[in-house]
Amino acid sequence: MDFLEANEIPIVIAVFAVAIVAFLFLSKKPKGCIDPENFREFKLVKRTQLSHNVAKFRFALPKPTSVLGLPIGQHISCRGKDSQGEEVIKPYTPTTLDSDVGYFELVIKMYPQGRMSHHFREMKEGDYMAVKGPKGRFKYRPGDVRAFGMIAGGSGITPMFQVARAILEDESDKTKLDLIYANVTVDDILLKEEIDTLATKYASRFKVYYVLNQPPEGWTGGVGFVTKEMIAEHLPAPAFDIKILRCGPPPMNKAMAAHLEALNYGPEHLFQF
């Protein structure tokens, strides 16, 4: 720094210091609003009925700039009361990401005998939900795998949708995704409009194959249960750089495990939410 006058050196150092602090501040990830050990209350600000037994619940975060702070593929625990007034805690995966600031959303299918379903059925705008997290074993970094194969059944689509959104909306992430999504009827398909939008927008990286047990007339997707042949045709073949994710009812998960083993997918290829 011979070209600088002695009295200019402190100014240069101060400028560098301010620049470094500004960089660290601007690049720092916002702190999340959830706590893995303690429940926190979030206000229901919008409830949208999607079908006779499915609704989307939007909960406000403390500030318009707040983020939930949920890592990709992980979930939260929600606490409520069943029809007998007993406390119940159940895991759910938001369909929103930390790019959706100021709120988070849950798409909930409410079953007639479901204990937590009762709580969601009774919730009105202005009510509060107790939440803690993050929870879950799933870890992901861009470039971890070349491709994900996904098998989902019913409400098991929510972690798949969250992972797919995060990957596809990240311009630097080139991971490819193939999804098999099984339901009983076409009306049971959760998030279909959102999934189809992703499949259209990111057609070179995201493929979806719907399977229905009771398809309508003219249905062009899969029929019946998810088979070995469907998996072989629509998901990436076993390789060192792929992973198969699955989430669905226990009987389906068990059947898929048997299919995947028969197709020579090893434990290192598999993850069940």
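For the structure itself, look to the data block above.
Residues numbered from 1 in each chain as written. Predicted model: local features only at pLDDT ≥ 70, side-chain atom pairs only at ≥ 80, totals over all residues. Heavy atoms only, no water.

1. Overview of the pairing of strand S11 (residues 242-247)
Okay, step 1: Of all 6 residues in S11, 5 are buried, a share of seventy percent or more.
Okay, step 2: Two elements, strand S7 (residues 147-153) and S11, share 6 bridges in a ladder whose sense is parallel. Bridge pairing in S11 links Ala147 to Ile242.
Okay, step 3: Sheet topology places S11 next to strand S12 (residues 270-272); 3 bridges connect them, and they run parallel. In the strand pairing of S12, Leu245 is matched with Phe271.
Okay, step 4: Taken together, S11, helix H6 (residues 250-262) and S12 form a β-α-β motif whose crossover is right-handed. (Buried < 20%, exposed > 50% of the residue type's maximum accessible area, 1.4 Å probe, protein only. Helix = DSSP H or I, 4+ residues; strand = E, 2+ residues; numbered from the N terminus. Pairing = 2+ DSSP bridges. Right-handed = clockwise from strand over helix to strand, strands pointing away.)

2. Digging into the pattern of salt bridges
Okay, step 1: Under the counting rule described, the total for this entry stands at 10 salt bridges.
Okay, step 2: When the shortest N-O distance is used, the salt bridge between Arg115 and Asp82 registers 2.9 Å. Remark: Asp82 occurs in the loop between strand S3 (75-81) and strand S4 (87-92) and Arg115 occurs in helix H2 (residues 115-122); sequence separation between them is 33 residues.
Okay, step 3: Among the residues examined, Arg115 registers a relative accessible area of 42% and is labelled partly exposed. (Salt bridge = Lys/Arg side-chain N within 4 Å of Asp/Glu carboxyl O.)

3. With respect to the packing of aromatic side chains
Okay, step 1: Under the definition given, this model contains 10 aromatic pairs.
Okay, step 2: When the ring of Phe138 is compared with that of Phe148, the centres are 6.2 Å apart and the planes differ by 45°; the resulting orientation is tilted. Of this pair, Phe138 sits in the loop between strand S6 (128-135) and S7 while Phe148 is found in strand S7, placing the two residues 10 residues apart along the sequence. By the burial criterion, Phe138 is buried, and Phe148 matches it.
Okay, step 3: Between Phe138 and Phe271, the aromatic rings sit 5.3 Å apart at their centres with planes inclined by 70°, giving edge-to-face as the arrangement. Highlighted residues: Phe138 in the loop between S6 and S7 and Phe271 in strand S12, separated in sequence by 133 residues. (Phe/Tyr/Trp six-rings, centres within 6.5 Å; stacked < 30°, edge-to-face > 60°.)

4. Some points on the sheet that holds strand S1 (residues 40-51)
Okay, step 1: Taken in spatial order, the 6 strands of this open sheet run S4-S3-S6-S1-S2-S5, and their pairing is antiparallel. Either end of the sheet is taken by a strand with one partner, and the two such strands are S4 and strand S5 (103-109). Ignoring which end each strand starts from, the neighbouring axes of this sheet average 35° apart.
Okay, step 2: The sheet contact formed by S1 and S6 spans 4 bridges and is antiparallel. When the bridges of S6 are listed, Phe42 appears paired with Met129.
Okay, step 3: Where H2 meets the sheet, it contacts S1, strand S2 (54-60), S3, S4, S5 and S6, and its direction lies at approximately 80° from that of S3. (Axes fitted to C-alpha atoms, helices over the stretch in contact; angles between N-to-C directions. Contact = heavy atoms within 4.5 Å.)

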